[in-house]
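Structural description and commentary
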There are 2 protein chains.
Amino acid sequence: MTADATQSTPLVLVVEGSGGDRPPGVPPEPSPARFAFAAGLSDVRRLLPEADVALLWDFRSGVLRDAWPAANRLRWVHIAGAGVDATMFPELVAGDIVLTNARGVFDHGMAEYALALLLAWAKDVPRTLALQAERVWQHRRTDTLDGKRLVVVGPGSIGRAVARLAASFGMHVSAVGRRAREDDPDFERVHGGGDLRRALADADYIVLTVPLTPSSRELIGPDEIAAMAPTARLVNLARGGVIDEDALIEALAEGRIAGAALDVFCDEPLDRASPLWRMPNVIVSPHMSGDLLGYQEALARQFLDNLDRWVSGRPLRNVVDKRLGFVPSEAGTPSARRPDAGRPGT
Amino acid sequence: MTADATQSTPLVLVVEGSGGDRPPGVPPEPSPARFAFAAGLSDVRRLLPEADVALLWDFRSGVLRDAWPAANRLRWVHIAGAGVDATMFPELVAGDIVLTNARGVFDHGMAEYALALLLAWAKDVPRTLALQAERVWQHRRTDTLDGKRLVVVGPGSIGRAVARLAASFGMHVSAVGRRAREDDPDFERVHGGGDLRRALADADYIVLTVPLTPSSRELIGPDEIAAMAPTARLVNLARGGVIDEDALIEALAEGRIAGAALDVFCDEPLDRASPLWRMPNVIVSPHMSGDLLGYQEALARQFLDNLDRWVSGRPLRNVVDKRLGFVPSEAGTPSARRPDAGRPGT
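Residues numbered from 1 in each chain as written. Chains lettered and ligands numbered in written order. Predicted model: local features only at pLDDT ≥ 70, side-chain atom pairs only at ≥ 80, totals over all residues. Heavy atoms only, no water.

1. Quick notes on the overall build of chain A
Regarding its fold elements, chain A presents 11 helices and 12 strands. Here chain A has a C-alpha radius of gyration of 22 Å; the compact-globule value for 346 residues is 20 Å, and the two agree. Across the 346 residues of chain A, 57% fall into the buried class. For chain A, the share of sequence-separated contacts (at least 6 apart) that also reach a separation of at least 24 residues comes to 61%. Working note: accessible area of chain A is about 14400 Å², and carbon and sulfur atoms make up 50% of it. Of the charged side chains in chain A, 39 are positive and 45 negative, and the gap between their average positions amounts to 3 Å. (Helix = DSSP H or I, 4+ residues; strand = E, 2+ residues; numbered from the N terminus. Rg over C-alpha atoms; globule rule 2.2 N^0.38 Å. Buried < 20%, exposed > 50% of the residue type's maximum accessible area, 1.4 Å probe, protein only. Contact = heavy atoms within 4.5 Å. Areas by Shrake-Rupley, 256 points an atom, 1.4 Å probe, with all protein chains shown as cover. Lys, Arg positive; Asp, Glu negative; His and termini not counted. Charge placed at Lys NZ, Arg CZ, Asp CG, Glu CD.)

Below is the structure:
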């Protein structure tokens, strides 16, 4: 590469994950950009001044903020995750740097995960496994999802994928979103945020897929939990911070709701001392709901596709509205559906 | 009731389940028939001579055969179960007594159960629960059902319900049935019985919903198991007798297939000495896959609906073809679909 080409070819700074975790297949061959890899803050500080683009491979990373004064020519930041909360620092929000995320990659996997949890409860799977371990034959009648009411808090692309699968089981699916409406193709009704408690009160199951933003922090607090039915079960696939975890623990301990399945927590990994691990009506999983086999390859491909767009001057996909803190969802847009969603039988 | 009315009003003999288990809401008020309840063989022998109809509330019951010489005026036998194998004795098969079953009641519940198992495997739910019990945070990547191949052995009303739910996850669903065809609305392809091994060889997941008949006994034997991929997982919701259980145990012990979820067994309850209880790649459940909360009420309503038909001379629903041993399935008939299957979003 000549000196001229070097000057005109953009530099992408890849902020690695822990343990040197890098996006597979990056840089591609041939590549529309130069790549530099940063393992930690000192690398980022050294390399950031020349970077046009930053790819945050670990969506939890805070190093970009710490190195921010060195961002001389940075134009675009891509986060290899769906939730951008960890990177929404004021300097980035205020500036005109474009922020994109991994919207779409996790949709179907997380929807499957949500249904796996709902069905595990309905079909009493944990008890079946426990009885099996004791070699006890104990017939039980189980529940159906058919006709049950699911409320999805956060009708973005993930919430919509959950809704469509749930509807195929005959569930009645509504959402709580920014704007109340009854003409949404994926929900029987979308409640506005002001109706959150009323919507929760009617739910058999609640799935949280809302982005963590200043307005969603502890969205599910003592009053919202108190509004839920004693038979209600709550799934959190969003961020730990959208729930008042202490209030939830108290409600679960007192049996004021029937159960919770938590994939995300205020502090991760969840501390071994947390009572959540041992609560009989709680399922704890380690922030993995969307992480399918091959998901890292999908994340890398998605970034490289956007890089091609950027280099050739086409519009980027998945541009975050930095005031909102997420990519606004347009019902029924192609990116919100699986490519093959129109096939017969789905 | 006058003596004349008594003579013209049919008598339904209800053969109770164990522990005096009786159909709820029977007799109805008003009732189109007289009812007598039999707790055991001696009751059946005493009451059968006057009975026009027999309702076998426990589908496993063998007392009807033992009392058969006393069936003087019996015209119709209803079995409150989907599988009629326990009642297909030669005298009943040979005669012109009509046999009906509970086809339809279990469809959606069993389909949900099958998906609960497939998703438990795909999402590694048993391991998640085991790690939780140890308070261990261990991220894993999980599998998707999207694009995976499901083979349903037995494309009756239960198998079709499984297929439709599986298709909503993006699975490729084929079946093995009596007649090969490619124009079935619920399956990408239906293989004839002669192609069973070839179909099994292509499967990621196999769900057995085939009735137990002389021709399906040990349908899944050593050669069929050998045809399966080492990654294949097998779900049996049918009858234990459709699998050569010893051959399956051997294959599971040697890791020749990836796993099995068994709800039915050659002998039930499953003996505490069976190695199946403790195999790490096996999920054992106690013949409960279709038994939803309220299923007994649904079974009773279904019988009473047929009784109204019988008394008023209309055709009975769910008439078993006694040569086949099941109710022949017509693709897309109303009884094979949930009443609300046409609603938007399903």
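2. A closer look at the side chain of Arg309(B)
Mapped onto the elements of the fold, Arg309(B) is located in helix H11 (residues 295-311). With near-sequence residues (within four places) excluded, Arg309(B) lies in contact with Arg314(B), Pro315(B), Leu316(B) and Arg317(B).

3. Structural notes on the confidence of the model for chain A
As a note on interpretation, predicted positions should not be read in detail where pLDDT is low. All names here are of chain A. Within chain A, residue pLDDT values average 93, and 93% of them lie at 70 or more. Taken element by element, the predicted model of chain A shows its lowest mean pLDDT in helix H1 (residues 3-8) (56) and its highest in strand E9 (residues 205-208) (99). Contacts from residues 331-346, a stretch scored under 50 in pLDDT, to residues over four places away or in other chains number 30 contacts. With pTM at 0.93, the complex prediction returns an ipTM value of 0.93. (pLDDT = per-residue confidence, 0-100.)

4. Observations regarding the side chain of Ser285(A)
Locating Ser285(A) in the fold gives a position in the loop between strand E12 (282-284) and helix H11 (295-311). A polar contact of 2.9 Å, which involves the side chain of Ser285(A), links it to the side chain of Tyr113(A). Once residues within four sequence positions are removed from consideration, Ser285(A) is found in contact with Tyr113(A), Leu262(A), Asp263(A), Phe265(A), Thr128(B) and Trp137(B). (Polar contact = N/O pair within 3.5 Å; in protein donor to acceptor, adjacent residues only side chain to side chain.)

5. Thoughts on the interface of chain A and chain B
Counting residues at the interface gives 60 residues for chain A and 58 residues for chain B. For the pair chain A and chain B, the summed buried surface comes to about 5600 Å²; carbon and sulfur atoms form 60% of the total. Across the contact surface, chain A and chain B share 2 salt bridges. Note that Glu112(A) is salt-bridged to Lys123(B), the shortest N-O span being 3.0 Å. On inspection of chain A and its partner chain B, the count reaches 29 residue pairs in polar contact (both at pLDDT 80 or more). For the side of chain A that touches chain B, the secondary structure elements donating two or more residues are helix H5 (107-122), helix H6 (125-133), helix H7 (157-168), E12 and H11 of chain A. No other element matches the 7 residues that H5(A) contributes to the side of chain A that touches chain B. Partitioned by chemical class, the residues of the side of chain A that touches chain B number 29 nonpolar, 15 polar and 16 charged. (Buried area = accessible area lost by both parts, 1.4 Å probe. Salt bridge = Lys/Arg side-chain N within 4 Å of Asp/Glu carboxyl O. Nonpolar A, V, L, I, M, F, W, Y, C, P; charged D, E, K, R; others polar.)

6. Observations concerning the nonpolar core
Core analysis: the biggest nonpolar cluster contains 112 residues, and Phe35(A), Leu150(A), Phe35(B) and Leu150(B) have the highest contact counts within it. Filtering out sequence-adjacent residues up to four positions away, Phe35(A) remains in contact with Leu11(A), Val12(A), Val14(A), Val26(A), Pro27(A), Pro28(A), Phe303(A), Leu304(A) and Leu307(A). (Core = buried A, V, L, I, M, F, W, Y, C linked by side-chain atoms within 4.5 Å.)

7. Observations regarding the relation of the copies chain A and chain B
With an RMSD of 0.0 Å, chain A superimposes on chain B once it is rotated by 180° and translated 0.0 Å along the axis. Expressed as an axis order, the relation between the two copies is that of a two-fold axis. Interface overlap between copies is the fraction of interface residues in one copy that are interface residues in the other; for chain A against chain B it reaches 97%, indicating a shared surface. (Least-squares fit on C-alpha atoms with pLDDT ≥ 70 in both.)

8. So, the pairing of strand E6 (residues 149-153) of chain A
Residues and elements named next belong to chain A. Within E6, 4 of the 5 residues are buried, which leaves the element mostly enclosed by the surrounding structure. For E6 and strand E7 (residues 172-177), the ladder comprises 5 bridges, and the chain directions are parallel. Pairing of Leu-150 across the sheet is with Val-173, part of E7. Of the crossover connections in this fold, the one passing from E6 over H7 to the parallel E7 is right-handed. Bridge count between E6 and E9: 4 bridges; the pairing is parallel. (Pairing = 2+ DSSP bridges. Right-handed = clockwise from strand over helix to strand, strands pointing away.)

9. Focus on unusual backbone geometry
Glu268(A) connects to Pro269(A) through a cis peptide bond whose omega is -5°. On the secondary structure map, Pro269(A) appears in the loop between strand E11 (259-262) and E12. In the Ramachandran plot, Glu218(B) falls in the positive-phi region, its phi being about 50° despite a non-glycine side chain. When you line up the elements, Glu218(B) lands in the loop between strand E9 (205-208) and helix H9 (222-227). Notably, Asn318(B) is not glycine yet its phi reads approximately 60°, a positive angle. For Asn318(B), the position within the fold is in the segment after H11. Its relative accessible area of 13% is what places Asn318(B) among the buried residues.

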